Each structure stands twice: as structure tokens, then as C-alpha cells.
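Residue-level listing of the chains:
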Amino acid sequence: MVRACAGLLVDVDGVLLRGRSVIPAARRVFQRLQDAAGHFRLPVVFVTNAGSCLRHNKAQQLSDMLGIKVTPDQVLLSHGPLQMFQSFHEKCVLVSGQGPVADIAQDLGFTNVITIDQLREQHPLLDMVDHNRRPSVTVSPQEKRRIEAVILFGEPIRWETNLQLLMDVLLTNGNPASPHCLNMSTQLPVLACNTDLLWLADAPSPRLGHGVFMLCLESVFRKLAGQRLRYEAVMGKPSLLTYQHAELVIRQQTANQGWDTPVTNLYAIGDNLMTDVYGANSYNRYLKQQLAAPAAKALAQGRGPEWRAAPLQVEGQLATPSATQCHSILVCTGVFNPDAALPIEQGTADAELMEPDYIVEDVEAAIDLIFQKEGFDL
């Protein structure tokens, strides 16, 4: 087993999978990446912006498709860092997304959860876009506990319903049975997961992601409230918090496997310039800042003033990083198209942060490159 530890942060969609199919290079290289006993030769975390499933379900999917054993502890979904926001765990939170969102929230530690569908049932007069879903008789809203925070897990199925009910909650400070207040001095905390504008599935071109839904929400809120929608935290790539959490998982693997050398080099493999490359390069910049001035705070990096960088510590659970570098490796099996021009509109994104350290054909070439640079045999 390799003892000099580098750590791998591997994206899923567009790197390992394309829609419901596994990319052949991924199955080949990950079977090589495990030894005869089924142990990984390096610590590996699968870092994905997917968020509509539980972690053990994603681990089982990866195990089945790659033909290897992936444990839930090796999977970091976009909402994973929410387990560290313990001050919100007992608050009444409204969750938006699709899939088993209530189960996901409870698995992360939240004890008082309400879904968009449940809110719609409690307040049937709020959702009026679809005439076929309007109540046929006059009903009175049910009095329920005030909503204290909003969690955006991922893109919903009925965008119009979620946009309307989220506006009702945000513009009433958590009391959707009340009239909107357009001169608010405070705003409910909003915790957002997965800012991907695009992701690759089976279609020939990338599909719209949760980031597009968030842009719609922000635009409507600004038009109605006259101010930016503020986020308490944004997680999922490219947020700093996600890479801090991923490094913490890498360190835990290193300790559990008995590797005797701490991880100093992280390699982030992805297919998206705006999330994978931007996030890895941002974290590399943060690591350099920590080396240059350990007491300095990380500089905020994001799409704009409303996208705040995560704090170095979240409720005391994140320690000083042990890594000194995070290298970005871009593969050509997903969103990135080497023949297309780079996107022009990037908000306030730093162009340098979207320049990968390496561009390779696929994840097999990426891992071969890593082993060559680290002087390991694969």
C-alpha cells in the first residue's frame, strides 16, 4: 500500500458516470486503484453536487457501477456540510428540492422539517399557477409553527410552486399565512446546496441545474423585495466549505487506514470549469493564504456579494488544513468541451480560477498522471 499520501477528490457526473451509464475509463482505473484486499491505494472522496439522495444510496450506486466497494464515508454530497450547522438542527426548516428531502434533512441532523408539499397542503391557497391543482372549495390555512430557515437542496420538479411558496415564506419572515412585507429589515437564513448551472446527463448537451433555479429565485426576490437575497451559507462545489469538509474526510481516511504520512497534495478531478476547476483553484489559493499568513481569514470568492465564502470553522468542527496544495484536473468526458469557447458571463468570478492545472482525456488519464507525479506505481 502507498504510504506517501496524496488525496483524490473525484467528481461523479461527467467523470465517472454519464447519465445512467458508467464511463468505461472510470471502471478500469478504479479497479486498478484498489489492491487485492479491496483497499484504495490512496484516500479518495467522491465529491458530487448531487443532493437528491442519501449518502449510502449514492455509495451503493457507485459500488455497483464501478465494480468496487465504496463506503458512505467516501461520498460527499452537496448537502454534506449541513451536518455541521448544529445551531439550525432544532429550528423549523423548510426544505426545497426533489427526492426524499425530509429523510435527507433528518439524516443530516435536522429534527423539525417541513417540505414544500407539506407547506402547500397546510396553505392550499398559495399555489395558484396550475388551475387543475387549485382547491375546489374555500379552505382556511392551518396555523403552524413559524418557519425559521430555508434549505435549498436541489432543483425541484415544479419550479413555479417552489418559487411561489419560497417567496411567501421569505417575504413574510416565515409566516406564509400573513401578507408580504416588502420593507424587511431582516431576512430568514437561507442555506443553499449545489450551485451548478449545468450538468451532463444522457442528452447531447448539458442540462440546466439547481444554480439556474437559484438565479430565478434571486431575481424574483430582488424584484419584489428591492434587495439581494442573502445566503447564510452556500455549499457544494465550488464553495470553500465543501473543500474544507472534503479535506477533513481525507484526513479521517488517512488515520483510519493507518497511512503514516499526512496528505499534503490534493488532486481534484472534474469536468466543469465553473464548479470543479474554480472550486479546486479557490481552495488552492486559500491553502496558500494559510501558509503565508495562518491567522488570516480566507478571502471571499464567489459569484457575487450574495455568495459568501464559508468560514474557516463551522461550529468548531473544521481544523487547520494539513494540505498545502490542491491541483485541478479537467477531463473531457463531461460538461467541458475543448472545442467550445469559454463562457463569457461569469459574474465576478476570477478568470484565473477557471484555468485548470491539467487537461486530460478522462479520469483514467488523470489518475495515471497523479501517480506519475507522486512517483507511485499503479
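Since the model is a prediction, treat every value here as computed from it, not as a measurement.

1. Looking at the nonpolar core
Soluble, globular proteins show a tendency: their nonpolar side chains are buried together. Leu 16, Phe 30, Phe 46 and Ile 269 are the most contacted members of the largest nonpolar core, which has 38 residues in total. Per-element accounting of this core gives the leading share, six residues, to helix α9 (residues 363–374). Setting aside residues up to four positions removed in sequence, Leu 16 forms contacts with Val 10, Asp 11, Ser 21, Val 22, Ile 23, Ala 26, Phe 30, Phe 46, Leu 62, Leu 66 and Val 363. In terms of nonpolar packing, the next biggest core, distinct from the first, is built from 28 residues, Ile 116, Leu 126, Leu 152 and Leu 165 among them.

2. What to know about unusual backbone geometry
Residues Lys 237 and Pro 238 are joined by a peptide bond in cis, for which omega reads 15°. Within the secondary structure layout, Pro 238 lies in the loop between β12 (233–235) and α7 (240–257). We note that Asn 173 has phi near 55°; this positive angle belongs to a residue other than glycine. For Asn 173, a relative accessible area of 28% corresponds to the partly exposed category. Even without being glycine, Asn 194 reaches a positive phi, approximately 70°. If you trace the backbone, Asn 194 turns up in the loop between β9 (190–193) and β10 (198–199). The class for Asn 194 is buried, based on a relative accessible area of 8%.

3. Comments concerning the pattern of salt bridges
For the coordinates displayed, the defined rule picks out 11 salt bridges. Among the salt bridges present, the one from Asp 127 reaches Arg 120, with a minimum N-O distance of 2.8 Å. A single burial state applies to Asp 127 and to Arg 120, both of which are buried. Here Arg 145 ties to Glu 148 by a salt bridge, and the two come within 2.8 Å at their closest N and O atoms. One salt-bridge network, in which partners are shared between bridges, spans Arg 28, Arg 32, Glu 364 and Asp 368.

4. Examining the packing of aromatic side chains
Two aromatic rings, taken as a pair, are described by how far apart their centres are and by the angle between their planes. Enumeration over the complete set of coordinates arrives at six aromatic pairs. Look at Trp 159 and Phe 213: their rings are 5.2 Å apart centre to centre, the planes differ by 80°, and that puts the pair in the edge-to-face class. Of this pair, Trp 159 sits in helix α5 (residues 159–170) while Phe 213 is found in helix α6 (residues 210–225), placing the two residues 54 residues apart along the sequence. For Trp 159, a relative accessible area of 24% gives the class partly exposed. Joined through ring pairs, the aromatic side chains of Phe 30, Phe 40 and Phe 46 make up one cluster.

5. Description of the environment of Leu 378
In this structure, Leu 378 sits in the segment after α9. With relative accessibility at 32%, the residue Leu 378 sits in the partly exposed group. As a C-alpha pair, Leu 378 and Gln 34 span 344 residues in sequence and 9.3 Å in three-dimensional space. Other than its neighbours up to four places away in sequence, Leu 378 contacts Val 29, Arg 32, Leu 33, Arg 41, Ile 367, Asp 368 and Phe 371.

6. Considerations on the packing of helix α1 (residues 24–33) against α9
Contact geometry of α1 with α9 gives a least axis separation of 8 Å together with a crossing angle of 35°. Counting all contacts with α1, which are made through Ala 25, Ala 26, Arg 28, Val 29, Phe 30, Arg 32 and Leu 33, the residues of α9 involved are Val 363, Glu 364, Ile 367, Asp 368 and Phe 371.

7. Considering the confidence of the model for the protein chain
Confidence in the prediction of the protein chain, expressed as mean pLDDT, is 87, and 88% of residues score 70 or more. Segment residues 298–316 is flagged for pLDDT under 50; beyond a separation of four residues in sequence, or across chains, it makes 52 contacts in the model. Between residues 344–348, whose pLDDT stays under 50, and residues either more than four places distant or in other chains, the model counts six contacts.

8. Here we look at the sheet that holds strand β14 (residues 325–331)
As summarised here, the arrangement of the six strands in space is β5-β4-β1-β13-β14-β15, forming an open sheet in which the pairing is parallel. Taken across any chain shown, the strands that pair with only one partner, and hence form the sheet edges, are β5 (75–76) and β15 (358–360). Packed onto the sheet, helix α8 (residues 273–292) meets β13 (265–270) and β14 and runs at close to 165° relative to β14.

9. What to know about the pairing of strand β6 (residues 92–96)
With five of its five residues buried, β6 lies for the most part within the structure. In β6, alternate side chains face the same way, and those of Cys 92, Leu 94 and Ser 96 on one face and Val 93 and Val 95 on the other are all buried. Pairing analysis gives four bridges linking β6 to strand β7 (residues 112–115), with the strands arranged parallel. Within β7, the position partnered with Val 93 by the bridge is Val 113. A crossover links β6 with its parallel partner β7, the connecting element being helix α3 (residues 101–107), and its sense is right-handed. Both β6 and strand β8 (residues 149–152) contribute to a ladder of four bridges, which runs parallel. Pairing of Leu 94 across the sheet is with Val 150, part of β8.

10. Focus on the sheet that holds β8
Taken together, five strands build an open sheet; the order of strands is β7-β6-β8-β9-β12 and the sheet is parallel. With one partner strand each, in any of the chains shown, β7 and β12 form the two edges of the open sheet. Strand-to-strand twist in this sheet, taken as the mean axis angle between neighbours without regard to direction, amounts to 20°. In terms of strand pairing, β8 meets β9 through three bridges, oriented parallel. Following the sheet pairing, Ile 151 is matched in β9 by Leu 191. Here α6 sits on the sheet in contact with β6, β8 and β9, set at roughly 145° to β8.

Conventions and cut-offs
- Residues numbered from 1 in each chain as written.
- Predicted model: local features only at pLDDT ≥ 70, side-chain atom pairs only at ≥ 80, totals over all residues.
- Heavy atoms only, no water.
- Core = buried A, V, L, I, M, F, W, Y, C linked by side-chain atoms within 4.5 Å.
- Buried < 20%, exposed > 50% of the residue type's maximum accessible area, 1.4 Å probe, protein only.
- Helix = DSSP H or I, 4+ residues; strand = E, 2+ residues; numbered from the N terminus.
- Contact = heavy atoms within 4.5 Å.
- Salt bridge = Lys/Arg side-chain N within 4 Å of Asp/Glu carboxyl O.
- Phe/Tyr/Trp six-rings, centres within 6.5 Å; stacked < 30°, edge-to-face > 60°.
- Axes fitted to C-alpha atoms, helices over the stretch in contact; angles between N-to-C directions.
- pLDDT = per-residue confidence, 0-100.
- Pairing = 2+ DSSP bridges.
- Right-handed = clockwise from strand over helix to strand, strands pointing away.

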